[in-house]
Amino acid sequence: QVQLVESGGGLVQPGGSLRLSCAASGSIFSINVMGWYRQAPGKQRELVARIISDGRTDYAESVKGRFTISRDNAENSAYLQMSSLKPEDTAVYYCNAVLKVVPQGPDYLYWGQGTQVTVSS
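(A) Examining the overall build of the protein chain more closely. Helix and strand content of the protein chain: zero helices and 11 strands. When the elements of the protein chain are put in sequence order from the N terminus, they spell out β-β-β-β-β-β-β-β-β-β-β. In summary, the protein chain has a C-alpha radius of gyration of 14 Å against a globular reference of 14 Å for 121 residues, a match within 12%. With the principal axes as the frame, the protein chain shows a C-alpha extent of 50 × 25 × 25 Å.

(B) Representation of the side chain of aspartate 89 within the structure. With respect to the helices and strands, aspartate 89 occurs in the loop between β8 (77-82) and β9 (91-100). Of the polar contacts made by the side chain of aspartate 89, one reaches the side chain of arginine 38; its length is 2.9 Å. Leaving out residues up to four positions away in the same chain, aspartate 89 has contacts with Arg38, Arg66, Phe67, Ser84, Val117 and Val119.

(C) Structural context of the pattern of salt bridges. Scanning the model with the defined rule gives seven salt bridges in all. Between glutamate 61 and lysine 64 there is a salt bridge; the shortest N-O distance is 2.8 Å. With relative accessibility at 63%, the residue glutamate 61 sits in the exposed group. One salt-bridge network, in which partners are shared between bridges, spans Arg38, Glu46, Arg66 and Asp89.

(D) The arrangement of the nonpolar core in detail. Residues Met34, Trp36, Val48, Phe67, Leu80, Met82 and Tyr93 are the most contacted members of the largest nonpolar core, which totals 31 residues. For this core, the secondary structure elements donating two or more residues are β1 (2-7), β3 (18-26), β4 (30-39), β5 (46-52), β7 (67-72), β8, β9 and β11 (115-119). Broken down by element, this core gets its largest block of residues, five residues, from β9. Residues within four places of leucine 80 in sequence aside, it is in contact with Leu18, Arg19, Leu20, Trp36, Val48, Ala49, Phe67, Thr68, Ile69 and Tyr93.

(E) Local environment of the sheet that holds β8. In space, the four strands of this open sheet follow the order β1-β3-β8-β7, with antiparallel pairing throughout. Two strands bound the open sheet, and with one partner strand each, they are β1 and β7. Averaged over all neighbouring strand pairs, the angle between strand axes comes to 15 degrees, with direction disregarded. Pairing geometry for β1 and β3, over six bridges, is antiparallel.

(F) Structural detail: the pairing of β7. The alternating pattern of β7 places Phe67, Ile69 and Arg71 on a buried face, while none of Thr68, Ser70 and Asp72, on the opposite face, is buried. Sheet topology places β7 next to β8; six bridges connect them, and they run antiparallel. Paired with isoleucine 69 across the strands is leucine 80, a residue of β8. Between β7 and β8, which pair antiparallel and follow one another directly, the connecting turn spans four residues, one of which, asparagine 76, has a positive phi of 50 degrees.

Conventions used here
Residues numbered from 1 in each chain as written. Predicted model: local features only at pLDDT ≥ 70, side-chain atom pairs only at ≥ 80, totals over all residues. Heavy atoms only, no water. Helix = DSSP H or I, 4+ residues; strand = E, 2+ residues; numbered from the N terminus. Rg over C-alpha atoms; globule rule 2.2 N^0.38 Å. Polar contact = N/O pair within 3.5 Å; in protein donor to acceptor, adjacent residues only side chain to side chain. Contact = heavy atoms within 4.5 Å. Salt bridge = Lys/Arg side-chain N within 4 Å of Asp/Glu carboxyl O. Buried < 20%, exposed > 50% of the residue type's maximum accessible area, 1.4 Å probe, protein only. Core = buried A, V, L, I, M, F, W, Y, C linked by side-chain atoms within 4.5 Å. Pairing = 2+ DSSP bridges. Axes fitted to C-alpha atoms, helices over the stretch in contact; angles between N-to-C directions.

Structural data, given as structure tokens:
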């Protein structure tokens, strides 16, 4: 059984910063991709950022230059440092991971339960 648990959300003023954490646990052999998505009320879930096991990253245009994704492969964890936050960044942020539970096995996609980020004065 694999679980992803996010933490670090909360209420922050415009221009402020937050750091989200995602910890994967359970029977994991390797994690290829870890990503952060967000879903605002009435909108579809969208990619924020993702990071491959070799360190390559990919960001949504709306967060480039403000958000930084990183990971700790030894801890099966990913982080999202968010700076210069705007009200439009308000959403539930979800972590996901594409991983293998056995060598040479198939890839599985897991999601966390989400953490609320609210940017408001």
